[in-house]
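Residue-level structure breakdown
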Amino acid sequence: MGSNKDIDLIEDGKRLDGRDFDELREISIDAGVLKRADGSAYLEWGKNKIMAAVYGPREMHPRHAQETTKAVVRARYNMAAFSVPDRKRPGPDRRSTEISKLVSEALEKVVFTENYPRSVIDVFIEVLQASAGTRCGGLTAASVALADAGIPMSDMVASCASGKIEGEVVLDLGKNEDNYGQADVPVGYIPRSDELCLLQMDGNLTQEEYEKAMEMSIDACKDIHEIQRGALRERYSTELQEEEITKASEGVE
Ligand code: CDP
């Protein structure tokens, strides 16, 4: 969040990329893209490209990290060295540790962890290309990957940010908006229970602006949830079709 206004972010009532204030960047999600993972999802959101892979539930190692009454959801957010314009130094840093923690906590709210005592559900989020909003993209993709792995959950988390640029509340900040804007507020939303499981705020908003931002984000999360559901529908209809084709080619009734 830069406070210096180096560039104009709004021209003739439109944002730099031509979007309206309440418009999301384009989002697409494919479920079940990795053969070796128990569940996976690949997401493109504007220029962001993110892969999520789920392994487990499986026995937690190290054993001292086991929880006797529930599974631990262990998310690891990682940015590829080539994902940003300046090479990202490989390995964990404060930012990725923070994002891993908040994604783990958000997902623990929906996974029925009590079904799997002493287990771990590993969620790997690999950012291949980053352009603002990667924690939201990562959380959104991870939810689809968990569902693809067949992990029992109350719902999928949908996530999206809104914020403020040039005094206007806008949805889903792009890279320049994130760099030169005044506020960025990512949220994770659980549609079925109408609850938030992630809320952060970088910058400042008045109460009125905050309420407007929340309304925009929650509406957008409902749309994102439909895209998540669509990805699963597509995955399983394709799998069923493939089974039919295999059966047909093998002459099985
Ligand atoms: O990605 P997100 O908006 O969730 O997190 P952020 O910390 O607000 O980062 C915003 C953006 O800054 C990222 O999406 C990247 O495009 C960029 N960034 C970067 O260029 N180099 C880094 N080491 C970290 C972030």
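Residues numbered from 1 in each chain as written. Predicted model: local features only at pLDDT ≥ 70, side-chain atom pairs only at ≥ 80, totals over all residues. Heavy atoms only, no water.

So, a negative patch on the surface
Worth spelling out the cut-off: Patches here: salt-bridge-free residues with over 30% relative accessible area, like charges joined within 9 Å, nonpolar side chains (Val, Leu, Ile, Met, Phe, Trp, Tyr) joined within 5 Å. Here, Shrake-Rupley sampling with a 1.4 Å probe gives the accessible areas, and only protein chains in the shown set may cover a residue. Throughout this description, the term salt bridge denotes a Lys or Arg side-chain nitrogen within 4 Å of a carboxyl oxygen of Asp or Glu. For the purpose of counting charges, residues Lys and Arg are taken to be positive, whereas Asp and Glu are taken to be negative. His and the chain ends are not included. Charged groups are reduced to one reference atom each: NZ for lysine, CZ for arginine, CG for aspartic acid, CD for glutamic acid. When a residue's accessible area, from a 1.4 Å probe over protein chains only, is under 20% of the maximum for its type it is buried; when over 50% it is exposed; and in between it is partly exposed.
A contiguous patch of negative charge, built from D22, E23, E215, D219 and D223, is present on the exposed surface. Since its relative accessible area comes to 43%, D219 is described here as partly exposed.

Topic: the sheet that holds strand 3 (residues 27-31)
Keep this limit in mind: Whether two strands pair depends on DSSP finding at least two bridges between them. Secondary structure counts use DSSP, requiring at least four H or I residues in a row for a helix and at least two E residues in a row for a strand, with both numbered from the N terminus. For every element, the axis is a line fit to its C-alpha atoms; helices are fit only across the contacting stretch, and the angle between N-to-C directions ranges from 0 to 180 degrees. Contact definition: two residues touch when any of their heavy atoms are within 4.5 Å.
Strand order in the open sheet made by the five strands is 3-4-5-7-6, with mixed pairing throughout. With one partner strand each, in any of the chains shown, strand 3 and strand 6 (72-79) form the two edges of the open sheet. This sheet shows a mean twist of 15° between the axes of neighbouring strands, independent of strand direction. As paired strands, strand 3 and strand 4 (residues 39-45) are joined by five bridges and run antiparallel to one another. The residue of strand 4 that forms the bridge with S28 is E44. Each of strand 6 and strand 7 (119-129) touches helix 1 (residues 94-108); the most contacted strand, strand 6, lies at about 145° to it.

Points about the pattern of salt bridges
Once their charged atoms are close, side chains differing in charge can pair, the charge on each being opposite to the other. Counted by the stated rule, this structure contains 16 salt bridges. We note a salt bridge from D93 to K88, for which the minimum N-O separation is 3.7 Å. Note on D93: relative accessible area 31%, which makes it partly exposed. Taken together, the salt bridges that share partners define one network made up of R15, D17, R19, R25, D172 and E177.

Observations regarding the site of the ligand
This is how the line gets drawn: Residue proximity to a molecule or strand is established when one non-hydrogen atom of the residue lies within 4 Å of it. Between N or O atoms, a polar contact is any pair within 3.5 Å; within protein, one atom must be a potential hydrogen donor and the other a potential acceptor, and residues adjacent in sequence are included only when both atoms are from side chains. In this classification, the charged set is Asp, Glu, Lys and Arg, the nonpolar set is Ala, Val, Leu, Ile, Met, Phe, Trp, Tyr, Cys and Pro, and all remaining amino acids, among them Gly, are polar.
In the vicinity of the ligand, the contacting residues are M79, V84, R95, A130, S131, A132, G133, T134, R135, K175 and D178. A distance of 2.7 Å separates an oxygen atom of the ligand from a polar side-chain atom of R135. Compared with its free state, where it exposes 510 Å², the ligand has 76% of that area covered by protein. When residues of the shell around the ligand are traced back to their parent elements, those giving at least two are helix 2 (134-148) and helix 3 (175-180). In terms of residue class, the shell around the ligand is made up of four nonpolar, three polar and four charged.

Focus: the environment of R19
Mapped onto the elements, R19 comes out in the loop between strand 2 (14-15) and strand 3. Taking the C-alpha atoms as reference points, R19 and L171, 152 residues apart in sequence, are found 9.5 Å from one another. If near-sequence neighbours (up to four positions away) are discounted, R19 is found in contact with K14, L24, R25, L171, D172, L173, G174 and E177. In terms of polar contacts, R19 uses its side chain to reach the side chain of D17, at 2.9 Å. A distance of 3.0 Å separates a polar atom in the side chain of R19 from the backbone oxygen of D172.

Observations concerning the packing of helix 1 against helix 2
Selection criterion: Should an angle lie under 35 degrees it is considered roughly parallel, over 145 roughly antiparallel, and from 65 to 115 roughly perpendicular; all remaining angles are considered oblique. Here is the rule for handedness: rotate from the far helix to the near one, and if that takes an anticlockwise turn smaller than a right angle the crossing is left-handed, while a clockwise turn gives right-handed.
Remark: helix 1 packs on helix 2, axes separated minimally by 10 Å, with the N-to-C direction vectors making an angle of 40°. On the basis of their axis angle, the class for helix 1 and helix 2 is oblique. Relative to helix 2, the crossing made by helix 1 is right-handed. Contact residues: R95, E98, I99, L102, V103, A106 and L107 in helix 1; T134, R135, L139, A142, S143 and L146 in helix 2. Tallied by class, the residues present in the contact of helix 1 with helix 2 amount to eight nonpolar, two polar and three charged.

Observations regarding helix 2
Along an α-helix, a turn takes 3.6 residues, which lines up residues three or four apart on a common side. Just so we agree on the cut-off: How far a helix is expected to stretch is found by multiplying one less than its residue total by 1.5 Å.
Between its terminal C-alpha atoms helix 2 stretches 20 Å, which fits the 21 Å expected from 15 residues at 1.5 Å a residue. Extensive coverage of helix 2 is indicated by the burial of 14 of its 15 residues. Phi turns positive, to about 75°, at G150, one or two residues after helix 2.

Regarding the packing of helix 2 against helix 4 (residues 207-250)
Running from amino to carboxyl end, helix 2 crosses helix 4 at an angle of 35°, the nearest separation of the two axes being 10 Å. In the crossing of helix 2 with helix 4, the sense of the turn from one axis to the other is right-handed. Of the residues in helix 4, those touching helix 2 at T140, S143, V144, A147 and D148 are I224, Q228, A231, L232, R235 and Y236. Among the residues forming the contact of helix 2 with helix 4, the class breakdown is six nonpolar, three polar and two charged.

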